[in-house]
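Notes for the structure review
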Amino acid sequence: MNQKYRTIGSFGETEIIIQKSRFICRAKRVESEEEAVQFIHDISKQHWDATHNCYAYLVTELQQKSSDDGEPAGTAGRPILEVIHAKDLLYTAIVVTRYFGGIKLGAGGLIRAYSQGAATAIEAAGIIERIMHQEVLLTFDYSFMGKMEHELHKTGYLLETPQFTDVVTWPVWTPAGEEQQLIAKVTDWTHGQAKIVLGKQEFKEREERRPHEK
């Protein structure tokens with residue numbers, strides 16, 4: 001399994017008008033191919049009266065598919081899928097619903113329209129990076145709490161809420177493979193008196209900053 005990958009936020013929806021045709025563009029993060037197929041089915045059912053419900057999904061490199069749904073071959077589903085590939089996304093499904101406005105766009109116009117629709121739906125959802133993290137459970141005496149708070153809040157680790165009993169137990173998440181650096185730091189901060197246990201592993205999300213953001 002990959003230790004990290006790019007995908008979209010949970011859901012994004014936009015609408016664009018091109019030459020009087022209405023394009024409703026939706027992107028959804030999915031956990032499986034079955035979920036992608038269900039998402040496409042639900043949108044197609046909701047917009048049963050649309051001229052086309054074109055789609056593409058890429059769950060993993062071995063689980064991807066696209067459909068032109070009646071548009072000329074290669075002008076809708078494939079462009080949507082290529083946008084997903086170009087942005088290096090996994091676990092992503094996109095449906096672009098078209099209500100024909102009476103003006104034909106031609107093959108080039110359709111490719112541009114569906115590519116734009118896919119891109120705007122992805123932008124609406126946002127792009128995130130999911131990184132496998134290791135939970136590290138830190139248990140220590142109350143006398144070290146001030147030092148631990150001061151040091152941990154200066155790091156980029158993901159900190160959960162400390163649990164207070166007769167001692168302090170603080171779950172901290174670090175990118176998998178980097179736990180030894182954390183262990184070394186905590187050992188130093190507590191003079192070797194902290195109990196350190198590795199917990200579970202989970203993917204944690206980090207939103208990508210857009211170009212104009214600092």
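Residues numbered from 1 in each chain as written. Predicted model: local features only at pLDDT ≥ 70, side-chain atom pairs only at ≥ 80, totals over all residues. Heavy atoms only, no water.

**A closer look at the sheet that holds strand S2 (residues 11–18)**
Condition: Between any two strands, at least two bridges found by DSSP are needed for them to pair. Secondary structure elements are defined from DSSP: runs of H or I of at least 4 residues count as helices, runs of E of at least 2 residues count as strands, and each element is numbered from the N terminus. Between N-to-C directions, angles span 0 to 180 degrees; the directions come from axes that are lines fitted to C-alpha atoms, helices contributing only their stretch in contact.
The 5 strands are arranged S2-S3-S6-S4-S5 in an open sheet whose pairing can be described as antiparallel. Here the strands that pair on one side only, and so sit at the sheet edges, are S2 and strand S5 (63–67). Looking at each pair of strands side by side, their axes are set apart by 10° on average, direction ignored. In terms of strand pairing, S2 meets strand S3 (residues 21–29) through 8 bridges, oriented antiparallel. Across the sheet, residue Ile 18 finds its bridge partner in S3, namely Ser 21.

**A word on the pairing of S2**
What counts here: In this scheme, a residue with accessible area under 20% of its type's maximum is buried, one over 50% is exposed, and one in between is partly exposed, where area comes from a 1.4 Å probe on protein chains only.
What you see with S2 is a clean split: Gly 12, Thr 14, Ile 16 and Ile 18 sit on the buried side and Phe 11, Glu 13, Glu 15 and Ile 17 on the side with no burial. A loop of 2 residues connects S2 with S3, the two strands running antiparallel in sequence, and Gln 19 in this loop sits at a positive phi of about 50°.

**Quick word on the nonpolar core**
Defined as follows: Residues belong to one nonpolar core when they are buried, are Ala, Val, Leu, Ile, Met, Phe, Trp, Tyr or Cys, and are joined through side-chain atoms within 4.5 Å. Contacts between residues were defined by any pair of non-hydrogen atoms, one from each residue, lying within 4.5 Å.
By size, the foremost hydrophobic cluster in this structure holds 42 residues, and its most contacted members are Phe 23, Tyr 57, Ile 80, Ile 94, Val 96, Tyr 114 and Ile 122. Per-element accounting of this core gives the leading share, 7 residues, to helix H3 (residues 106–125). Ignoring sequence-local partners within four residues, the contact set of Ile 94 consists of Arg 26, Ala 27, Phe 39, Cys 54, Tyr 55, Ala 56, Ile 80, Ile 84, Ala 118 and Ile 122. If you look at the next biggest cluster of nonpolar residues, it comprises 15 residues, including Phe 140, Val 168, Trp 170 and Val 172.

**A closer look at the pattern of salt bridges**
Heads up, the condition is: We define a salt bridge as a contact between a side-chain nitrogen of Lys or Arg and a carboxyl oxygen of Asp or Glu at a distance within 4 Å.
The final tally for this structure, using the stated rule, is 11 salt bridges. Linking Glu 13 and Arg 26 is a salt bridge whose minimum nitrogen-to-oxygen distance equals 3.5 Å. Placement of the pair is Glu 13 in strand S2 and Arg 26 in strand S3, with a sequence separation of 13 residues. Here Arg 26 falls in the buried class, since its relative accessible area comes to 6%. Notably, a salt bridge pairs Glu 205 with Arg 29, separated by 2.8 Å at the nearest N-O pair. Here Glu 205, found in strand S11 (residues 195–207), pairs with Arg 29, found in strand S3; they are 176 residues apart in sequence, far enough to count as distant. Through salt bridges that share partners, Arg 29, Glu 31, Arg 130 and Glu 205 make up one connected network.

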